[in-house]
Amino acid sequence: MPLHALTRVTIGVPNVAETAEFYDDFGLTRTAPKGIARGPESITFATTDGGEQLEIVRTPDRRRLVGLDVAADDTDDLDRIQHNLRRLDLATSRTENELSVVDPGTEVLVRVSIGSRIIQVPFTIPAYNTPGNIGRNSARADAIERTGRVRPRKLGHVVIGSTDQPSSEKFFTEGLGFKVSDRVPGLAAFLRCSTDHHNVLVQAAPVTMLHHTSWQVDDVDEIGRGATTMLEKDPQRHVWGLGRHHIGSNFFWYLKDPAGNFSEYYSDLDCIVDDQLWTPQDWDGARSLFNWGAPPPPSFLAPEDLADLMVGTHG
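It should be emphasised that the depicted structure is a prediction, and the values quoted were computed from it without experimental measurement.

> Which parts of the structure should I look at to understand the side chain of glutamine 53?
On the secondary structure map, glutamine 53 appears in strand β4 (residues 51–58). Only 3.1 Å separates the side chain of glutamine 53 from the backbone oxygen of threonine 7, close enough to count as a polar contact. When residues no more than four places from it in sequence are discounted, the contact partners of glutamine 53 are Leu6, Thr7, Arg8, Val9, Phe45, Ala46, Thr47, Ile118, Lys154, Leu155 and Trp215.

In structure tokens, the structure reads:
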């Protein structure tokens, strides 16, 4: 696959400083903005493995996904993507090492840049005691001895609402070269630009919007520890979790930042290393959401500020 990573998201919010404090608590590490510094109007964050992967900027009207960055291997990949986008009658901006284009359905600026691949140090799987197999003899579980802060390893995926879902799916697949992992017909497509099951989920929505960003941690215990710490500071951050998704298979816990965006801790996502061994499937909406755990709250399916977002778009 010429594309190999989702490298960065830029989120626009009316309340930059307050929202940034949430991502401090979430475990991301603040970094100095690259390029022209914009002071408090632009705050950037890094993950432990992916480098600088989040930028928060000010958008006075409403929260939104401003930009999405993807990495490719070389200029041949950019040439091919530019050719495919022109076939879709989409205008691009191009330099030698970067291509930029806006998806009309989501209004998101997507930048494809030549970049190195993310290398992750393998996580040592703790020993587990299971029926008939004592893997941890006379010792306490590793997870209860952990005291360090939970630090997301990388940006995993982003879920965005499109006012023209079929067109946005075509933009990402036929234009940029994402591959389809699974679909919820008429509603959503799970798309990948790496070996992860999905890096972008495009869903039908009455307004262009950011639904959530998702951040990888080591295991389900890190999900629980991270969420517990977040909720000890502010219980109102809770949205949905702990649970396990059906599509993608990952464990999850969702929290809400002060601007209204959802942020997910996840672990154990399906990985598609060999395309020949994976068959995309169509799923119904209820089955796709979760395999076990509490059902999603109404505010997860339709964010509480949805009406305000629609007024902000059309007002």
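> Teacher, can you tell me more about the pattern of salt bridges here?
Two side chains carrying opposite charge are able to pair once their charged atoms lie near each other. One pass over the structure, following the stated rule, counts 23 salt bridges. The closest approach of N and O atoms between aspartate 25 and lysine 233, which form a salt bridge, is 3.0 Å. Linking aspartate 25 in helix α1 (residues 16–26) with lysine 233 in helix α4 (residues 220–233), this pair joins segments that are 208 residues apart in sequence. Where aspartate 25 meets arginine 237, a salt bridge forms, and the shortest distance between an N and an O atom there is 2.8 Å. Of this pair, aspartate 25 sits in helix α1 while arginine 237 sits in the loop between α4 and β16 (238–244), and the two are 212 residues apart along the sequence. When its relative accessible area of 9% is taken as the criterion, arginine 237 is described as buried. A network of salt bridges, in which partner residues are shared, links Asp142, Arg146, Asp219, Glu222 and Arg225.

> Where do I start with the nonpolar core in this structure?
Nonpolar side chains in soluble globular proteins generally cluster together in the buried interior. Judged by nonpolar contacts, the single largest core of 54 residues is most densely connected at Phe172 and Leu176. Excluding its chain neighbours within four sequence positions, the residues that come into contact with leucine 176 are Leu3, Ile81, Leu85, Val101, Val110, Val112 and Phe171. With seven residues, the next largest nonpolar core counts Ala188, Phe190, Leu201 and Trp283 among its residues.

> Just to check I follow, could you spell out the sheet that holds strand β18 (residues 262–267) for this structure?
Strand pairing in a sheet relies on backbone hydrogen bonds, with the paired strands running either antiparallel or parallel. Here nine strands make up an open sheet; going across it, the order is β12-β13-β14-β11-β15-β18-β17-β16-β19 and the pairing mixed. The open sheet has two free edges, formed respectively by β12 (179–184) and β19 (292–293), since each of these has just one partner strand. In this structure, strand β13 (residues 188–192) lies alongside strand β14 (residues 200–204), joined through four bridges in antiparallel fashion. Across the sheet, residue alanine 189 finds its bridge partner in β14, namely valine 202. On the sheet, α1 packs against β15 (209–216), β17 (251–256) and β18 and is oriented at approximately 15° with respect to β18.

> How should α4 be read in this particular structure?
Each turn of an α-helix holds 3.6 residues, which means side chains three or four residues apart point in the same direction. Counted at 1.5 Å a residue, the expected span for α4 with its 14 residues is 20 Å, and the 21 Å between its end C-alpha atoms agrees. The set of residues buried in α4 consists of Glu222, Ile223, Gly224, Gly226, Ala227, Met230 and Leu231. Contacts made by the buried residues of α4 are with α1, β16, β17 and β18.

> What is the right way to read the side chain of aspartate 305 from this model?
As for its position among the elements, aspartate 305 is in the loop between α6 (298–301) and α7 (306–314). On the basis of relative accessibility, which here comes to 19%, the residue aspartate 305 falls in the buried class. Apart from the residues within four sequence positions on either side, aspartate 305 is in contact with Arg63, Ala259 and Gly260.

> Can you help me understand the packing of helix α2 (residues 75–87) against helix α3 (residues 165–176) in this one?
Angle between the axes and distance between the axes are the two parameters that describe a pair of packed helices. Between α2 and α3, whose axes approach to 8 Å, the crossing angle comes to 135°. One finds that α2 runs oblique with respect to α3. Two secondary-structure elements touch here, α2 through Ile81, Asn84 and Leu85 and α3 through Phe171, Glu174, Gly175 and Leu176. Of the residues that constitute the contact of α2 with α3, the class distribution is four nonpolar, two polar and one charged.

Basis of the calculations
- Residues numbered from 1 in each chain as written.
- Predicted model: local features only at pLDDT ≥ 70, side-chain atom pairs only at ≥ 80, totals over all residues.
- Heavy atoms only, no water.
- Helix = DSSP H or I, 4+ residues; strand = E, 2+ residues; numbered from the N terminus.
- Polar contact = N/O pair within 3.5 Å; in protein donor to acceptor, adjacent residues only side chain to side chain.
- Contact = heavy atoms within 4.5 Å.
- Salt bridge = Lys/Arg side-chain N within 4 Å of Asp/Glu carboxyl O.
- Buried < 20%, exposed > 50% of the residue type's maximum accessible area, 1.4 Å probe, protein only.
- Core = buried A, V, L, I, M, F, W, Y, C linked by side-chain atoms within 4.5 Å.
- Pairing = 2+ DSSP bridges.
- Axes fitted to C-alpha atoms, helices over the stretch in contact; angles between N-to-C directions.
- Expected span 1.5 Å × (residues − 1).
- Parallel < 35°, antiparallel > 145°, perpendicular 65-115°, else oblique.
- Nonpolar A, V, L, I, M, F, W, Y, C, P; charged D, E, K, R; others polar.

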